[in-house]
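# Breakdown of the fold
Next come the chains, spelled out residue by residue.
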Amino acid sequence: MTTRLAPPGPRPPPFDLDDLLRFERLLSKLSTTFGSIPMKELDRAIDDGLVRIVEALNIDRSALIRIRTQTGCAQVTHAHAVEGVAPVQRLLVARDANPWALSMAIANRLVAFSRLDDLPPEASVDKASWRRVGLKSHVMVPIMVAGHLHGTLNFGSIRVEREWTDELLGRMRLLAEIFGSALARQRAEEEVERAIGFERLASSILASLVLTRPDEQGQVICHALRTIGEFVGADQVALWRDTSRDGRYEPIQRWSAEGLSVQPDPPAYNLPWLARRMADRDVVRLSTLDELLSAAHVDVNTLRALGIRSLFMVPVEGEQASALLMTTVARHHTWADALLPGVRLLADVLGSLHARESAERRRLAAEVEASHWRERLAHLVRVHTAGEMSVALAHEITQPLGAIENYAIAARRRASEASPDMPKVAELLDKVIGQSTRAGDVVTRMRSMAKRHELDPKPIRIERAVRECVGMVKMDCDLRDIRIELPPASPGPTVVVDEIHVQQVLLNLMRNAMEAIELAPLGGAREIAVAVAIRAGERDEVRVDVADRGVGITEGDLERIFESFYSTKSSGLGVGLAICRKLIEAHGGKLWASHNPGGGAIFSFTLPQLP
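Thresholds applied
Residues numbered from 1 in each chain as written. Predicted model: local features only at pLDDT ≥ 70, side-chain atom pairs only at ≥ 80, totals over all residues. Heavy atoms only, no water. Pairing = 2+ DSSP bridges. Helix = DSSP H or I, 4+ residues; strand = E, 2+ residues; numbered from the N terminus. Axes fitted to C-alpha atoms, helices over the stretch in contact; angles between N-to-C directions. Contact = heavy atoms within 4.5 Å. Left-handed = near helix turned anticlockwise from the far one by under 90°. Nonpolar A, V, L, I, M, F, W, Y, C, P; charged D, E, K, R; others polar. Salt bridge = Lys/Arg side-chain N within 4 Å of Asp/Glu carboxyl O. Buried < 20%, exposed > 50% of the residue type's maximum accessible area, 1.4 Å probe, protein only. Phe/Tyr/Trp six-rings, centres within 6.5 Å; stacked < 30°, edge-to-face > 60°. Lys NZ or Arg CZ within 6 Å of the ring centre and 35° of its normal. Core = buried A, V, L, I, M, F, W, Y, C linked by side-chain atoms within 4.5 Å. Arc of directions from axis to C-beta. Expected span 1.5 Å × (residues − 1). Bend = angle between axes of the 7 residues up to and from the residue. Parallel < 35°, antiparallel > 145°, perpendicular 65-115°, else oblique.

## Considerations on the sheet that holds strand 15 (residues 483-485)
Pairing in this open sheet of 5 strands is mixed, and the strands run 15-17-18-20-19 from one edge to the other. Here the strands that pair on one side only, and so sit at the sheet edges, are strand 15 and strand 19 (590-595). When the angles between neighbouring strand axes are averaged without regard to direction, this sheet yields 15°. Sheet contacts for helix 15 (residues 462-479): strand 15, strand 17 (527-535), strand 18 (541-548) and strand 20 (601-608); angle to strand 17, the most-contacted strand, approximately 175°.

And the structure:
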């Protein structure tokens, strides 16, 4: 919706046809640019776009302003002003300086005025603010990202008054959509990076917990709570438990940011509504306590008495009355969706550690727990692998996303023509669907590797599984200028295995091969060879080799590299190859390393062939 302020009377001169044509050509170019630009170049492209807009429209300045709707603060992230014109103020409280414009932006309404006297009486505060900075004519276009206000795109004239035509305002709306689409992609990639960062954090915490002696558990859990709190921006993180089963919670392990006053022995707090949510295994995320229903008034009173403004509460799996609770007291806080899987995992692990109080319980659960931790460690390796592949993953996803945006814009332009060519529109939409499927396939492959998984052996064609793994690392190899070789496709032998576990082994070996090549002296062959063959003997076996031309392995390390927590890399955890060997042995096979006669190393494993 547009709020266009234009009372009768003499008007400033409108933009001429040449201005509109220049802006139309610029709009088309920006649409193409923002559809395919890498996210690391987005800020530079926005700055350049604002310069070109000012030049094309012959106005004085333009700016992209980020708005925090909770606080009413506005921050200029990108701006341009012609020589002799003061730039837009970088930071202001829009709630105080421009309350009317802020309300229009929140309502997703474009505002345009050609002179200050066009403004309505309710905009008197805004009018005074704009008059102080010498603004004569102005356009403010809301930018929406994922259905919420991200900020505004602003165009202003300081030296002369300008008339904004309806046609031009429509094109400005489209420009804001182009910027909003690019910012949405940027936010999505930041969320992915944040999720991967948290998964890496979770992996390091899990690794430390695996090595913890029972008498050190309390200290390690407290350290883990502090690490989690500092990463997500919480002021307090605690494991809570309803010991009496009456909805009265008390912290049993906790961390608080420096400077916060903490009771040494806190009482049990009355939180009946949250207790019911925990009993139903629900996650509770509140940016503000105002989001709670009236039925939770007891909880609201308790939380406010504690000074809590925002909270994130995750139930602990297997512990009916326990939860991991993160809170802020200094400010309101929004908890990102991407944090949830990692927080769930850590809540379960920390809760289960604290719950191991009885020796009898540990004795009865020993075998199950050993299997549980083996899969936890296997999951840790998969998360590390996914994190290391994040750059290639983002690059591979960016290409179809850029194509989707270009095809969608082209389809919208075709559909808006006086006599739209509907077959062409349908063709463009089919291309959007195809690119969406392509991007979805990439995410599905990586998700299957990173999520928790239980052993599930099934008959598979081993060569097909190998080719899928090669496809998953090919983009990363291309980015590193490494060639990966695979024999011509053939049906290949069948084995009964858990495909996720075998692919985890393959990915780990290929990643190790890439790292070994990166460390090798310049000038060597940058290639990885993967081979599948049948090995005859007392029983027929399938053998898979992953050979590289990297730095190789010293004679004394050929067997030691498979020991738990032994690593030849300064940043390695030393669990990857140990887990890989256990996974292969669990399927009745063997995994070993040998020297590559041409330099480098060969990692080989066997699996029993299906008769």
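## Structural notes on the packing of helix 16 (residues 499-519) against helix 18 (residues 576-586)
Between helix 16 and helix 18, the shortest axis-to-axis distance is 10 Å and the interhelical angle comes to 145°. When you trace helix 16 past helix 18, the crossing you get is left-handed. Judged by residue contacts, His 501, Gln 504, Val 505, Asn 508, Leu 509 and Asn 512 of helix 16 engage Gly 576, Leu 577, Ile 579, Cys 580, Leu 583 and Ile 584 from helix 18. Here the contact of helix 16 with helix 18 is built from residues that sort into 7 nonpolar, 5 polar and no charged.

## Details of the pattern of salt bridges
Counted according to the given criterion, the structure contains 21 salt bridges. We note a salt bridge from Glu 24 to Arg 171, for which the minimum N-O separation is 2.6 Å. Linking Glu 24 in helix 1 (residues 17-36) with Arg 171 in helix 6 (residues 166-210), this pair joins segments that are 147 residues apart in sequence. The exposure class assigned to Arg 171 is partly exposed, which follows from its relative accessible area of 30%. Between Asp 280 and Arg 277 there is a salt bridge, and its shortest N-O distance comes to 3.5 Å. For Asp 280, a relative accessible area of 48% translates into the label partly exposed. Relative accessible area serves as the criterion here: at 19%, Arg 277 is assigned to the buried category. Taken together, the shared-partner salt bridges connect Arg 277, Asp 280 and Asp 282 into one network.

## With respect to the pairing of strand 12 (residues 310-315)
Of all the 6 residues making up strand 12, 6 are buried; the element is thus mostly covered by neighbouring parts of the structure. Burial of the side chains of strand 12 extends over both faces: Ser 310, Phe 312 and Val 314 are buried on one face and Leu 311, Met 313 and Pro 315 on the other. When strand 11 (residues 284-286) meets strand 12, the two strands line up antiparallel, connected through 3 bridges. In the sheet register, Leu 286 faces strand 12, and the bridge partner there is Leu 311. Sheet topology places strand 12 next to strand 13 (residues 322-328); 6 bridges connect them, and they run antiparallel.

## Quick word on the environment of Leu 175
Examined against the element boundaries, Leu 175 turns out to sit in helix 6. As a C-alpha pair, Leu 175 and Ile 143 span 32 residues in sequence and 9.5 Å in three-dimensional space. Ignoring sequence-local partners within four residues, the contact set of Leu 175 consists of Phe 23, Leu 27, Leu 30, Ile 53, Leu 153 and Phe 155.

## Comments concerning the packing of aromatic side chains
Counted according to the given criterion, the structure contains 2 aromatic pairs. Residue placement shows Arg 277 over the ring face of Trp 273; its charged tip is 5.0 Å from the ring centre. One cation-aromatic arrangement involves Arg 581 over Phe 562; the distance from NZ or CZ to the ring centre is 4.1 Å.

## Observations regarding the nonpolar core
Membership of the largest hydrophobic core comes to 61 residues, with the highest contact counts inside it found for Phe 34, Val 139, Leu 153, Phe 155, Met 172, Leu 175 and Phe 179. If one sorts the elements of this core by residue count, helix 6 sits on top with 10 residues. Ala 465, Cys 469, Cys 477 and Leu 509 belong to the second-largest nonpolar core, a separate cluster that totals 43 residues.

## Details of the pairing of strand 3 (residues 73-81)
Each regular strand carries side chains that alternate between the two faces of the sheet. With 8 bridges connecting them, strand 2 (residues 61-68) and strand 3 associate as antiparallel partners. Bridge pairing links Arg 68 to Cys 73 in strand 3. Note that strand 3 and strand 4 (residues 91-93) share 3 bridges and pair antiparallel. Looking at the pairing, Cys 73 lines up with Val 93 of strand 4.

## Describing unusual backbone geometry
Unlike most non-glycine residues, Arg 281 shows phi in positive territory, near 60°. Relative accessible area serves as the criterion here: at 27%, Arg 281 is assigned to the partly exposed category.

## Brief notes about helix 9 (residues 297-305)
If you check which residues of helix 9 are buried, you get Asp 299, Val 300, Thr 302 and Leu 303. Looking down the long axis of helix 9, one finds its buried residues gathered within 165° of arc, a one-sided arrangement. Residues of helix 9 that are exposed and point more than 90 degrees away from the buried face comprise Asn 301 and Ala 305. Buried residues along helix 9 sit against strand 10 (269-270), helix 8 (272-279) and strand 12.

## Comments concerning helix 15
A rise of 1.5 Å per residue sets the reference length of helix 15, with its 18 residues, at 26 Å; its end C-alpha atoms lie 27 Å apart and thus fit the reference within 8%. Its axis deflected by about 40° at Val 473, helix 15 carries its strongest bend there. Of all the residues in helix 15, the buried ones are Ile 462, Glu 463, Ala 465, Val 466, Cys 469, Val 470, Met 472, Val 473, Met 475, Asp 476 and Cys 477. Phi for Asp 481, located one or two positions after helix 15, is positive at around 60°.

## Brief notes about the packing of helix 8 against helix 9
Packing of helix 8 against helix 9 brings their axes to within 6 Å, and their N-to-C directions diverge by 110°. Judged on the interaxial angle alone, helix 9 and helix 8 are roughly perpendicular. Taken together, the residues of helix 9 that come into contact with helix 8 (itself represented by Pro 272, Trp 273 and Leu 274) are Val 298, Asp 299 and Leu 303. Looking at the contact of helix 8 with helix 9 residue by residue, the classes come out as 5 nonpolar, no polar and 1 charged.

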